[in-house]
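So you can see what is in the structure, the chains are spelled out below.
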Amino acid sequence: MTGISYSEALAHYQAAKSRDLKKSDMATDELLQAFHPDYREDSLVSLCVGPNQGDSCHRQLAELLQSDARIDEADLAGASIVQTDVLVIGGGGAGCAAALMAEQAGARVIMATKLRLGDSNTVMAEGGIQASIERGDTPQMHLDDSLKAGHYRGDPKLVAKMVMDAPDVIRWLIQQGMQFDLDEFGDLMTRRAGGTSADRVVYYRDYTGLEMMRALRESVRNSKIDVWDYSPVVELMSNESGHCAGAVISNLKDCSYVLIEAQTVILATGGIGRMHLNGFPTSNHFGATGDGLVLAYRLGAKLRDLDSFQYHPTGLAHPQHLAGTLITEGVRSAGAQLLNGLGERFVDELKTRDHVSAAILKECAEGRGVRVDENAVGVWLDTPGVERTNPGILAKRLPKLVELGNKCGINPVEMPLLVYPTLHYQNGGVVIDEHGQSTVPGLYCVGEVSGGIHGRNRIMGNALLEIISFGRRAGLQAAEMSHGRGHKKVTIGHLSKLRRELAVAGMPMEVKGPMLFPECAKFEKDADYEGFRRKKQ
Amino acid sequence: MTDKHSMREMGEKLVNVKIDGKAITAPASLSAIQALWYAGYSRIKSVGCLEGVCGSCRVLVRRAGNSEVRTQLGCQTLIEEGMQVMFLVFPRPTHHTYKLEEISSSWEVQTKFHKIFPEASRCRECRGCNASCPKGIDVMKGVALAARGRFREAGELFVECVMCDLCLTACPELIAPNHVGLFSRRVTAYFHTRPSNLIRRLEGLQRGKFEVNIEGEKP
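Since we're looking at a predicted model, the values are computed, not measured. Positions within a chain are numbered from 1, following the residues in the order the chain's sequence is written. By the order in which they are written, chains take letters starting at A while ligands take numbers starting at 1. For this predicted model, a pLDDT threshold of at least 70 governs which residues receive local features, and a threshold of 80 or more governs which side-chain atom pairs are given and counted, while totals over whole chains, interfaces and linings are taken from all residues. Heavy atoms from the whole structure form the basis of all side-chain values; hydrogens and water molecules are not counted.

A. Quick peek at the pattern of salt bridges. Here, a salt bridge means any side-chain nitrogen of Lys or Arg that lies within 4 Å of a carboxyl oxygen of Asp or Glu. Applying the stated criterion across every chain, the model contains 38 salt bridges over all chains. The residue Arg-397 of chain A makes a salt bridge to Asp-181 of chain A at a minimum N-O spacing of 3.0 Å. Residue Arg-397 of chain A is found in helix 12 (residues 393-397), and its partner Asp-181 of chain A is found in the loop between helix 6 (156-175) and strand 8 (191-192); the two are separated by 216 residues along the sequence. No difference in accessibility class separates Arg-397 of chain A from Asp-181 of chain A, as the two residues are buried. Across the pair Arg-63 of chain B and Glu-80 of chain B runs a salt bridge, and its minimum N-O distance is 3.2 Å. Secondary structure elements are defined from DSSP: runs of H or I of at least 4 residues count as helices, runs of E of at least 2 residues count as strands, and each element is numbered from the N terminus. Burial classes: relative accessible area under 20% of the type maximum marks a residue as buried, over 50% as exposed, and values in between as partly exposed (1.4 Å probe, protein chains only).

B. The domain arrangement of chain B, seen in detail. All names here are of chain B. Residue ranges labeled as domains rest on an automatic or database domain assignment. What the domain assignment reports for chain B is domain 1 (3-87) and domain 2 (100-206). Taking the mean C-alpha position of each, domain 1 and domain 2 sit 32 Å from one another. Throughout, a contact is declared for two residues whenever any of their heavy atoms are within 4.5 Å. Between domain 1 and domain 2, the residue contacts involve 8 residues of the former and 9 residues of the latter. The largest share of the area that domain 1 buries against domain 2 comes from Arg-58, Thr-71 and Leu-73, three residues that together contribute 63% of it. Applying the counting criterion to the domain 1 and domain 2 interface returns 0 salt bridges. Here a polar contact is recorded for every N or O atom pair within 3.5 Å, except that within protein the pair must consist of a potential hydrogen donor and a potential acceptor, and residues adjacent in sequence are included only if both atoms are side-chain atoms. Counting the contacts that link domain 1 with domain 2 gives 5 residue pairs in polar contact (both at pLDDT 80 or more). When residues in the side of domain 1 that touches domain 2 are grouped by element, the largest group, 3 residues, is from strand 4 (residues 69-73). Here the quantity called buried area is the accessible surface, traced with a 1.4 Å probe, that two parts lose on coming together, added over both.

C. Spotlight on the layout of surface pockets. Any residue with an atom within 4 Å of a point lines the site, the site being either a cavity, points on a 1 Å grid over the protein atoms alone where a 1.4 Å probe fits but cannot get out, or a pocket, an open set with protein on both sides within 12 Å along at least 5 of 7 lines. Grid points are joined across faces, edges and corners, and a volume is the space filled by probe spheres set on the points. Taken as a whole, the largest pocket holds about 1,100 Å³ of empty space. Lining the largest pocket are 35 residues, with Arg-116, Asp-229, Tyr-230 and Lys-253 of chain A together with Phe-90 of chain B positioned closest to its centre. It is helix 7 (residues 208-221) of chain A that provides the largest number of residues to the lining of the largest pocket, a total of 3 residues. Note that Gly is not counted as nonpolar here; it falls among the polar residues with everything else outside the nonpolar set of Ala, Val, Leu, Ile, Met, Phe, Trp, Tyr, Cys and Pro and the charged set of Asp, Glu, Lys and Arg. The residue makeup of the lining of the largest pocket, split by class, is 16 nonpolar, 5 polar and 14 charged.

D. Structural context of the side chain of Arg-201 of chain B. Topologically, Arg-201 of chain B is positioned in helix 9 (residues 196-206). Counting rule for charge: Lys and Arg are taken as positive, Asp and Glu as negative, and neither His nor the chain ends is counted. Here Arg-201 of chain B sits buried without a salt bridge, and the closest side chain of opposite charge, Asp-137 of chain A, lies 5.6 Å off (N-O distance).

E. Region of interest: the side chain of Asp-354 of chain A. Residues and elements named next belong to chain A. Examined against the element boundaries, Asp-354 turns out to sit in helix 10 (residues 353-365). Of the side chains bearing the opposite charge, Arg-456 lies closest to the buried Asp-354, which forms no salt bridge; the N-O distance is 7.1 Å. Side-chain polar atoms of Asp-354 contact the side chain of His-151, separated by 2.6 Å. What Asp-354 contacts, discounting residues up to four positions off in sequence, is Leu-32, His-36, His-151 and Asn-457.

F. Structural context of the interface of chain B and chain A. Counting residues at the interface gives 66 residues for chain B, matched by 74 residues for chain A. Between chain B and chain A the total buried area reaches about 6,100 Å² when both faces are included, carbon and sulfur atoms providing 54% of it. The largest contributions to the chain B side of the interface with chain A come from Ile-44, Glu-51 and Arg-201 of chain B, which together make up 11% of the buried area. Taken together, chain B and chain A are joined by 3 salt bridges. For Glu-51 of chain B, the salt bridge goes to Lys-400 of chain A, with nearest N and O atoms at 2.6 Å. If you look at where chain B meets chain A, you find 32 residue pairs in polar contact (both at pLDDT 80 or more). Secondary-structure elements contributing two or more residues to the side of chain B that touches chain A are helix 1 (4-9), helix 2 (32-38), helix 8 (177-192) and helix 9 of chain B. Class assignment of the residues belonging to the side of chain B that touches chain A gives a composition of 32 nonpolar, 19 polar and 15 charged.

Below is the structure:
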C-alpha cells in the first residue's frame, strides 16, 4: 500500500513553487514495456482456434473469442423470420452513420441495438473530432501523426481514406444539425491532441459525443430506418456459400428469438471496456462487452491487434462509485498539468495516451502517487492551474468536467482532481478494407469493433472521425451490394464447426459468448430472461 | 465495479432503501442502479452510460419524510436512508416528425416549426417540464423562445439535454419540449454554421490540392 497520503500530497501540491518537468529516465518504448498494461506478461495467451489461431490475444478476450455459442438449431424452431436489405447491428454513431447512408441509397434498413438507439460510447465522447482544416495543417500531417502515435502498426491505406474524408465528415455532421464551438467570426475552433503536430480537434465543449448523438439519433428517428431496441444479436447467420446473411436477435422484451435475413450486415457494436481487462476501471458504456468481435470471429472474420488496448490517462480515481469516469484530454490540451504526490510534474502531458498512462502508472507503482485509501491511488490533474492562466475556461469550454467535480464534491476551479488510467478503447478489431468490408463476404465492420486504423495507440478525436468516415463508407457499399439475388439457405451452420474445433482444442465449453452484459448486472441470474438462455438438456 | 467485500471492509455507512419495491440495504455511496446490483438484483433495461449523458435510467424518487416525488436519472441518484425509487419505462416516441432537408431556406424555419410542432405555441406554463428535468434546464423558456422564432437562443438552453424524454412525459399539451429544443439546435447548425476554415479546406480538397502519400518514412 504505497503512496503519499492525501493530506500530505495536498500540502506538497499547494507548496510547490516550480512546475518544471522532471527529467524522465526512460524512453517511450522502455516505459511502455515496463508499465503499460498491454505488456503484462501474464495477461496474454495464444489463440487455439479460429482465423487468428496462434496469434497473441488478451486472456480475457481470448476466453470469449473461444467461447461456446448461446444458442443451437433447436432454439430457433418456430422463431419468426424478417427480411431486409441491410442489417445494422449497434445504435451508436457508427451504426447511425451507416444506417443513414444505406437508407439514403435506397436500401431497406433494420437497425438492431442491444439497448436503446444512441446508447453507446459515442454519446460519452468528450474531446472532439480530428479534421485538418487549419492553415498550416494538412491531411498528410494528420496521416503522419496518426501512424506515428500508433507506433506504425496501423494500416496506412485505411488511415489515408479517413484523413481525406475528415473535412467532409464535419460538413456532413453540420448538415445533420450538429453544432460545434465557433470563434467570433464563425470559424471552427480547434484544439491539439496529445502526440500530434497541429491544432486539429474540432469540438463542442466537452459534450462533443452527446451533441453528435443527439443530432444523429434525431436523423435516424425521422428516417425510414426500422429501429429495434433491446434486441441484442446472439449469433450471425451465413448462406450456402459462406456469405454473412443475417443475424439471430434475442428480443429482451418478450424473450423470443427473431431471425433477420439480410443481404448485407454491418457490425457496429463498439468496444470492450466492460470486460475490465487487467482489473482496470473503465470509461465505457454499460453495453461495451465486445460482442461484435466474438460474433465476427466465429463466422470466420480475421481480427488484428488483439493484445493492444487504450488506457486513457485521466480517468477519475476517486470517489469509488465514479472511478474510471473519463476526464477529457481537452483539459490537458487546455494546459492542465499532471503532478505526483510530491507536487512534481513527471510527464509531458501532451505525449501520446499510452505514454502518459504508463508514466502515471510508474509514479503510482514507485510510491509517488496520491493515496486516498486502500482502493484508490492517483495523481493530480491540476485544473486550478488552467483556470489561473485562462480564467473562466473550465465553465465555458469544459462544463462536463465542472459537473463531474460537483458530483465528487470538488470544485475543479479551486482543487485538483485525482486521476488514474481507465480502460478506454480497443485499438485493434476486425480486419477491414476501405469500405469496412471484413474478410467474410457480406459482413461489414465499422467503428471500434474494426481494427487497423489506430495501430497500437489512438489519438484523441480519431475515434469520432473513424465512426462517421467508415460508417458512411460501409453504409453506401452495403446498400450497393444488397441488390443480389438473395440467399438460398440461411443458417447458423458455422456453429457446428466452431464446436468441433473447440472440442478438438480441448477448450472449456462452460463460457458462453457473446457476453452481452457486464457481470455486475446479473443478467444470467435474472428470472425475467429465463426463456432467453439455452435450455438445460 | 463496486466490490461488496471491499465496501464492507471500508466500514461505509449502510442505508435502507426501496427500489422498485425491493427492500435493499447498501452503502450510501452507491447510485440507485449500483444499489440494485449490489443487492444481487438484475438490472439491464434503463441502464446506459452510467454517467448521466444517455438519459436511459429515468426514475421516480421520493425521499424520507417528504411527499414530493421527483424525476431523476438513476445513475446520478445516490441512495439515502428511507428513499424510494421506481424505474420508469420509456414513453412512446413523439409523433412529431421532420427532415431538415425539407426546410428549403432559413426564411422558412418559423413557418415550418409551427407546422411541425403546432402544440408549442399552446404552452399553458404549468412548469411540469422544468420540474421534471434532471438537468435543471429552463425547458419552458426554451419552448417559448422557439415559438417566437428565437431558435439560436432556445437551443442554447438545451446544451445539457440528454433526451431522457422526462419533459415529454410531463407535458400535458404533448409539446415534446426536448424535441423542440433539439430542433432549435439543429436548424441553427444546419442553416447558420458556415465556418470559413472548413469551407476553404473542402474547396482545396475538391481541387486535388491535398493528396496524401502513404509511402511515408518510418523511423
